[in-house]
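# Examination of the molecular architecture
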Amino acid sequence: MRIFGACRSLRVGLGPSPVSRPTNHLACLAAMLMLVAALGASPLLDSSAIAATPRTSMPAIERQVMCVTCKIPLNVAESPQSQRERAYIRGLIAEGKTEAQVKSELVAQYGTSVLALPSAKGFDLAAYLVPVAVVLALIGLLALLLPSWRRHARDQAATSPDSPKLSAGDAARLDADLERFD
Amino acid sequence: MPLLIGVAGAALVGLLVYGVLSQSPKRTLDEAIKQGHHPTAPASTIPMPLLSGNGARTLASYRGKVVVLNFWASWCTPCQEESPILERAQHTLARRGGTVLGVTFRDSSPDSLTFVKHYGVSYPNLRDTTGEFAQAYGTTQIPETFVIDSSGNVVAISRGEIDEAFLNHAIALAESV
């Protein structure tokens, strides 16, 4: 209140106020600087803070968790338990929890089986490692086999006979036909 | 080359078999009971939070009492059906120094608390938040009930809804040991 009070006499485009004095201008400038500094420090206007905490959406969570009784992803489940889970998630979202916090709360309530993706620990790690290992093995296999396939194709091309030779009669007829077009 | 492919294929099949075996529920307790043994209740030192929210307990902290260990969840219909039987057992056991001990599994605490209030459950309940305790008992379906004697040994198992006859017989067996 006091900050704005100090600038009451500074009216742009209206000419100097009858009560305007140089000390008033200085006070106003100082007040403005303080206000800008205060707003700059405010977490409410910190754009990085706003960008770092996007609003958690229900569909995003539903895709990542399971209905614990029906053992299917929550986004396709329609059982009474899935409705309870949804209501619980809605409550957490309403509390302003982030996606990670919501998932963490769900694990605390229902255990790790509530997560759709297997954990990256113990035997579950195989779910991530095996596909990578299979892809690497296939690449290795291709790297081994491709040169031999190419060599085989080249050898076949080298040993295969050229296009069949024309018989003397056909050659003569072809020459005659070509001469007619000359 | 065929040898390498064969080894890789065998490794994949081995991994699959190991996965199926390690994920399938343990039935060693059931086998032991069938053979007339009383195996030690597993995972008795795993601390679990009380559903009421006041601290944590282990199964071992009930040593010296006959314990009717019951796995349940609010969404489980048979759990609702057997709830009055367990409550009656609690009244009987409490007079003799024993207790029913509920363990919620794959259930949110607000839902479990609603169940407790609705069915007037008076016995203590713990929350198996990691599923580690249930896994030690081979529990995948609920309800499941394990009757444990005062020495901490399992004397009877019911995988499914209990009836009064089973529970009375199992408690009598636990008390006689």
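Residues numbered from 1 in each chain as written. Chains lettered and ligands numbered in written order. Predicted model: local features only at pLDDT ≥ 70, side-chain atom pairs only at ≥ 80, totals over all residues.

## What about the nonpolar core?
Residues and elements named next belong to chain B. For the record, the criterion: The term nonpolar core refers to a group of buried residues, namely Ala, Val, Leu, Ile, Met, Phe, Trp, Tyr and Cys, whose C-beta atoms join them within 7 Å. To sort residues by burial, count the other C-beta atoms lying within 10 Å of each one's C-beta; a count of 20 or more means buried, 12 or fewer means exposed, and anything in between means partly exposed. C-beta atoms are built from the backbone. Put simply, DSSP marks the helices as runs of H or I at least four residues long and the strands as runs of E at least two long, and each gets a number from the N terminus on. Throughout, a pair of residues is in contact if the C-beta atoms placed from their backbones lie within 7 Å.
Membership of the largest hydrophobic core comes to 41 residues, with the highest contact counts inside it found for Val-68, Val-147 and Ile-171. Elements supplying a minimum of two residues to this core: strand E3 (67–72), helix H3 (77–95), strand E4 (99–105), helix H5 (132–136), strand E6 (144–148), strand E7 (154–159) and helix H6 (164–176). Discounting residues that sit within four places of it in the chain, Val-147 has contacts with Val-68, Val-155, Ala-156, Ala-170, Ile-171 and Ala-174.

## Observations concerning the interface of chain B and chain A
Counted only if it meets this: Under the convention adopted here, Pro, Cys and the residues Ala, Val, Leu, Ile, Met, Phe, Trp and Tyr are nonpolar, Asp, Glu, Lys and Arg are charged, and Gly plus all remaining residues are polar.
Each partner contributes to the interface: chain B provides twelve residues, whereas chain A provides 16 residues. Contributions of two or more residues to the side of chain B that touches chain A are made by helix H1 (2–23) and helix H4 (109–118) of chain B. Ranked by residue count, the leading element in the side of chain B that touches chain A is H1(B), at four residues. A per-class count over the side of chain B that touches chain A returns three nonpolar, seven polar and two charged.

## Thoughts on the environment of B:Ala94
Residue and element names in this part refer to chain B. Among the structural elements, Ala-94 can be located in helix H3. According to the C-beta neighbour criterion, Ala-94 is partly exposed, with 14 such atoms within 10 Å. Along the primary structure Ala-94 and Lys-65 are separated by 29 residues, whereas in three dimensions their C-alpha atoms are 9.7 Å apart.

## Details of helix H7 (residues 126–159) of chain A
Residue and element names in this part refer to chain A. Our working rule: Multiplying 1.5 Å by the helix residue count minus one yields the expected span of that helix. One fitted axis covers the seven residues ending at a residue, a second covers the seven starting there, and the bend at that residue is the angle between these axes.
The first and last C-alpha atoms of H7 sit 48 Å apart over 34 residues, in line with the 50 Å expected at 1.5 Å per residue. Taking the largest bend as the criterion, H7 deviates by roughly 30 degrees, centred on Leu-145, and proline Pro-147 comes between one and four positions later. Among the 34 residues in H7, zero count as buried, and that is only a small part of the element.

## Side note on the confidence of the model for chain B
It should be kept in mind that the predicted coordinates are not to be read in detail where pLDDT is low. Formally: The pLDDT score gives, residue by residue, the confidence of the prediction method on a 0 to 100 scale.
Summary statistics for chain B give a mean pLDDT of 93 and a share of 98% for residues scoring 70 or more. Scoring of the predicted complex yields 0.67 for pTM and 0.71 for ipTM.

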